[in-house]
Amino acid sequence: MKYMSWIRIRAGRLLAIMIALAVYCLLSAIDGILFFSHEAANTSPSFQFWTRFGFSAFIGLIFLAIGALIWLYARNRYVAFLLFCFSFAMMVAFASETGAALNNPILSAINNASSPLALSTFSVLLLVFPRSYLALSSSSASKPKPVQRHFFIQLLYIYAVAIILLSIVTALNEVLLDLWSPGLPSWLNTVDYSYYLLVLTVILVTIIVSFRQSSLRQRQQLRIFVFGVLLAFAPFLLLTLLPLLFGLPNKYVVDAQLSTLSAILLPLGLGYTILRYQILIFDMYIRRAVTWIAGSISLAIVGYFVVMLCNLLLSNDASAAMICIAAGLIILGPCTWWLARVVTEKLFFNEMAHYRRLVNNPDLLSREAFNLEEAAALLTLTVVNTFETQEVCLLVLDEDTGCYHIAPALKEGDSHDVSRAKLVQMVLQTVQSAANEHATFPFLEKGDWIDANAPLIRHVKQARRPLLLSEASKSDTEQPSGLALYLSTTVSEGADPLLAPVWTQGKMIGLLLLGERGDGQPFAGPDFEAIHMIVGRFSPVLETGRLYRHASRHVATLNALYSANAMLEKAYTSIEEVAEAYAGAVAQAVGAGAEIWLHNDATGSLQRVIHKGPEARLALPEDITGLEARDWSAYFYDTGNTIEASPARLATMPTCLTQIPHLPFAWLPLGKGEQQFGILVLSYVRPHVFSHEEKRVLSMFANQCVAAMENAEITIALRAAYERQKELDLLKDQFIITASHELRTPLTAVQGYIELLEQYHETLPGHTRADFIAKAHRGCDELTLMVGNIMDASRVQVDVEQIRLAPIPLAGPVQHILEILDGVIRREGRPVRVDIPAQIQVMADDLRLRQVLLNLMSNAIKYSPAGSRIEIAGELDGEMVKVRVRDYGLGVPLDQQERLFERFVRLERDMNSPARGAGLGLYISKRLIEAMGGRIWLESNGVAGEGSVFFFTLHAAPIAESPTPNAIITLNKLLR
């Protein structure tokens, strides 16, 4: 299909070539028939005629092939048409040469008529190539005024028409001379000679003028053509014509058939001149071939003159002549070969010498540096000077991102970077439009970089030459192949930058983007070789700068990460604080989003505790559960791990990821041995590739974070132990103060009554002694109670462990406690309201529940004025039973409520009150209630008269099928 399209586009050109080929075949057939009939009649066949026939047919075929090639592929169609006409005329001349030599009048007329036609087309060709004088616009800086130029172009058109008409007249004259020569006047020959003289003169003048007014490229084309013509006819002029002019013997005159063999170079040189800047291969191969041809011809000419001179000068001494010839060839041979190579380089390919001078400029060499920005600027400056264009940009491979970044970086507001920015934007749009179709990382930030795995980069790497953007952006099946690899046959519409790879040590480290040349001409083989020369010269400098930047960035990252060592000296109060500090440090060091997930040993799950840096997050649930063994292994997923390229690596991805990530990330476990603290996740919003060194550094940082967490854990434990020790010391002090204060009062009373009895027992009446003894006994009972409470506090842990829960009707323990306190209640005249449904049952230990109720009721009586009401109520609250004990005393200040449930804690106002206590009742009650699965707390606003409400809850037991007859117990006990 591809070739059918190519044939359809060039159908008209192919038709013209087929007609020309048919003419060649017809003339060759007629020429061959005449030649072989002549050989059959000739009794002594001549080898010279066989050589002439074959040589003429071959030269004609070469002219036809070169003309067809130019006609098919030359971009300038006017040049292609004129050269095709010239080649066709020369083909006709050579194809009919043998028949003309055999005096066939028809072939002789055709042969003679084709020569003036070829000269006329060639002279007109020089007017449009390599510099067009017939165009209305001019690229010359010193072009004449528009009116003058228009007049000059009209004169050239008149000249072209006149030359063509004269060639037609001359051709007709040649035909008439060959067919009717006896009847024609002799002055017609003068017309022929005048035509040839005029055309040759104009051709020479045109070449000289064109050379002086042409650009570097146009001069190069003229040099190749002119010196190609000289090289083609130099053997004939020097080996055949020159000896004849000097009248040398025939043995020193080379046969014209042999000396004109080099004429084959004429169509080759002319075709190469026109297609030179469409040939997309390095010019060095052509130069080598031309050097060999020029050297061989030069050696043949020099060898001929050495032999001829030695034979002329030493004709009488054959031995001396042979020695002289051998010495001359030995001495002059290498010199001739070297001179031919130098002349070829200077004259035929002066353009490359110009490029070489620019590349090897000493000023550029002195500016080499290790800085990547300077190295990139040096390379682009060389390209700018070489091709006289400002549209040059360099993309350099960055190992950290795996992408090609622009260097030197674009500066906002810099007018010199406007053209570079447009060039880069054009390439980026092409790359990104193709990347969006097969995006592996669609959520990455868009920037001035090209992924190293992009198809465009892959095409440039695989190509044998620099590619145009239109070529590199095509699919794999549409990449240049066949003749398109070596010959540019089309012209792209609009801007079409050239993409040239920068290689060093087998790796593509850069991509050179070149816009339009300064002269507006397309890039071709000589330019490719110049680019190759520039890249070869500056790629080591660029690689040095690139490696230096990579090393500097790596060192900066190491310094930033290792600076976290100072964090170990800080005393952290929690693992979360360690996570926050280290997440911030690594996010700032690597420029990525850092988040830490801490492991919950109780649930076996991970929970995110901190996120620092850019908002780059993986698709992770809030709580990660069901962790497997491979989730605790380090994993790195970068822009080089595509789904198709690395299925094995995706198989080892952490199982907790709910979907394939669209961001490069590092998964770093924070653990040591069997202890797992959590996971450190680094997510990148830009392309990133993890090098071996970076993986090692990040793993070391994770270990450092683990060490900090271990230290924090130990520090927290030590601090907790220290705080506990301080608390114990404070409790000891409080116990001593409370015990000494509380025990001193009853002990003093006991001691006082005993001393009174000891001193006055004989004089005291009996009832007074009995009263003293009763009061001393009550003081001893109070001391016993306080000591018992202290002993209860010491063995409360044992009591907690011995608690046995059973369904207990709540009303029973309450009734029992009221009976114990009945005397006190009656003495102080307190109304007690009990509101407890009889069917409520709780899961509790009966003895410990009574102890709790006794403590709460005792406190209510002790810390509220006599005669104030006390309330006891219970209600079912879901699965729990809530009990409250309320008094109407002074209440408890809000800031001291929590401390009441600690050991040996009493309010300061109660320390000097008549109420006695060791500050252990509420502490013991709290421990017992919590051991039975409940909770105890206090509600009070601290206002005198409103009192306090103590609540505790216990689990409700199933309701009995036959509840007690009394559904609600309500007691209003008043002192009688």
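Residues numbered from 1 in each chain as written. Predicted model: local features only at pLDDT ≥ 70, side-chain atom pairs only at ≥ 80, totals over all residues. Heavy atoms only, no water.

S.K.: Explanation requested: the sheet that holds strand β1 (residues 392-398) in the structure shown.
M.R.: The strands that make up a sheet are held in pairs by hydrogen bonds between backbone atoms, and each pair lies either parallel or antiparallel. Strand order in the open sheet formed by 6 strands is β3-β2-β1-β6-β5-β4, with antiparallel pairing between adjacent strands. Every other strand in the sheet has two partners, leaving β3 (449-451) and β4 (467-468) as the edge strands with one partner each. Note that strand β2 (residues 403-407) and β3 share 3 bridges and pair antiparallel. The partner of C403 across the bridge, within β3, is D451. Helix α16 (residues 372-387) rests against β1, β2 and β6 (507-514) of the sheet, and its axis sits at about 150 degrees to β1. Together, β2, β3, β4, β5 (498-504) and β6 form the strand contacts of helix α18 (residues 455-462), whose direction differs from that of β6 by roughly 100 degrees. (Pairing = 2+ DSSP bridges. Helix = DSSP H or I, 4+ residues; strand = E, 2+ residues; numbered from the N terminus. Contact = heavy atoms within 4.5 Å. Axes fitted to C-alpha atoms, helices over the stretch in contact; angles between N-to-C directions.)

S.K.: Please explain the sheet that holds strand β7 (residues 593-600) as it appears in this structure.
M.R.: Spatially, β9-β8-β7-β12-β11-β10 is the arrangement adopted by the 6 strands of the open sheet, whose pairing is antiparallel. Single-partner strands in this sheet number two, and they are β9 (623-624) and β10 (635-637). Looking at chain direction, β7 and strand β8 (residues 605-612) are connected through 7 bridges and run antiparallel. Directly across from A594, in β8, lies its bridge partner K612. Contacts from helix α21 (residues 575-590) reach β7, β8 and β12 (675-683), with the element oriented near 50 degrees to β8.

S.K.: What exactly am I supposed to notice about a nonpolar patch on the surface here?
M.R.: A cluster of nonpolar residues, L117, V161, I164, L165, I168 and L172, forms a patch on the protein surface that exposes about 510 Å² of accessible area. Ranked by the residues each element gives to the nonpolar patch, the list is headed by helix α7 (residues 146-180), at 5 residues. Mapping L165 onto the fold places it in helix α7. (Patch = residues over 30% accessible without salt bridge, like charges linked within 9 Å, V, L, I, M, F, W, Y side chains within 5 Å. Areas by Shrake-Rupley, 256 points an atom, 1.4 Å probe, with all protein chains shown as cover. Salt bridge = Lys/Arg side-chain N within 4 Å of Asp/Glu carboxyl O.)

S.K.: Sorry if this is basic, but what is going on with the packing of aromatic side chains here?
M.R.: How two aromatic rings sit relative to each other is given by the distance of their centres and the angle of their planes. In total, this model carries 13 aromatic pairs according to the counting rule given. When the centroid spacing of 6.4 Å and the interplanar angle of 55 degrees are considered together, the rings of W71 and F81 count as tilted. Placement of W71 in helix α3 (residues 47-73) and of F81 in helix α4 (residues 77-95) is noted, with a sequence separation of 10 residues between them. Look at W71 and you get buried, because its relative accessible area is 15%. Every member of this aromatic cluster is reached through a ring pair, and the members are F63, F86, F94 and F122. The side chain of R77 reaches across the aromatic face of W71, ending 4.9 Å from its centre. A cation sits over an aromatic face here: R537 above F538, 5.2 Å from the ring centre. (Phe/Tyr/Trp six-rings, centres within 6.5 Å; stacked < 30°, edge-to-face > 60°. Buried < 20%, exposed > 50% of the residue type's maximum accessible area, 1.4 Å probe, protein only. Lys NZ or Arg CZ within 6 Å of the ring centre and 35° of its normal.)

S.K.: For this particular structure, what's the right way to read the pattern of salt bridges?
M.R.: Close approach of charged atoms lets side chains of opposite charge pair. This structure, assessed with the given rule, holds 15 salt bridges. The salt bridge partner of R830 is E828, with a shortest N-O separation of 2.6 Å. The class of E828 is partly exposed, set by a relative accessible area of 25%. Linking R869 and E871 is a salt bridge whose minimum nitrogen-to-oxygen distance equals 3.0 Å. Taking relative accessible area as the criterion, E871 reaches 17% and is therefore assigned buried. What you see here is one network of salt bridges that share partners, running through E399, K507, E543 and R546.

S.K.: In this structure, what is going on with the side chain of D398? I would like to understand it.
M.R.: Within the secondary structure, D398 sits in strand β1. Exposure remark for D398: the relative accessible area of 7% places this residue in the buried category. A polar side-chain atom of D398 sits 3.2 Å from the main-chain amide nitrogen of D400. (Polar contact = N/O pair within 3.5 Å; in protein donor to acceptor, adjacent residues only side chain to side chain.)

S.K.: Please clarify how the environment of Q839 should be interpreted in this entry.
M.R.: Considering the arrangement of structural elements, one finds Q839 in the loop between β14 (832-837) and β15 (841-844). Distance in space between the C-alpha atoms of Q839 and P958 is 9.5 Å, their sequence separation being 119 residues.

S.K.: Please clarify how helix α6 (residues 105-128) should be interpreted in this entry.
M.R.: Residues lying three or four places apart along an α-helix face the same way, a consequence of the helix completing one turn every 3.6 residues. Taking 1.5 Å of rise per residue, the 24 residues of α6 would be expected to cover 34 Å, and the 36 Å separating its terminal C-alpha atoms lies within 8% of that figure. Within α6, 17 of the 24 residues are buried, leaving the element largely enclosed by the surrounding structure. (Expected span 1.5 Å × (residues − 1).)

S.K.: Looking at this structure, how should I read unusual backbone geometry?
M.R.: Keep in mind that most residues, glycine aside, have a negative phi and that most peptide bonds are trans. Here the amide bond leading from F129 into P130 is cis, since omega sits at 0 degrees, within 30 degrees of zero. Secondary-structure assignment places P130 in the loop between α6 and α7. Between A407 and P408 the backbone carries a cis peptide bond, its omega angle lying at -5 degrees. Within the secondary structure, P408 is located in the loop between β2 and α17 (418-435). Even without being a glycine, E388 presents a positive backbone phi close to 55 degrees. With respect to the secondary-structure elements, E388 resides in the loop between α16 and β1. Judged by relative accessible area, which is 61%, E388 ranks as exposed. The backbone of Q505 sits at a positive phi, close to 55 degrees, despite the residue not being glycine. By secondary structure assignment, the location of Q505 is in the loop between β5 and β6.

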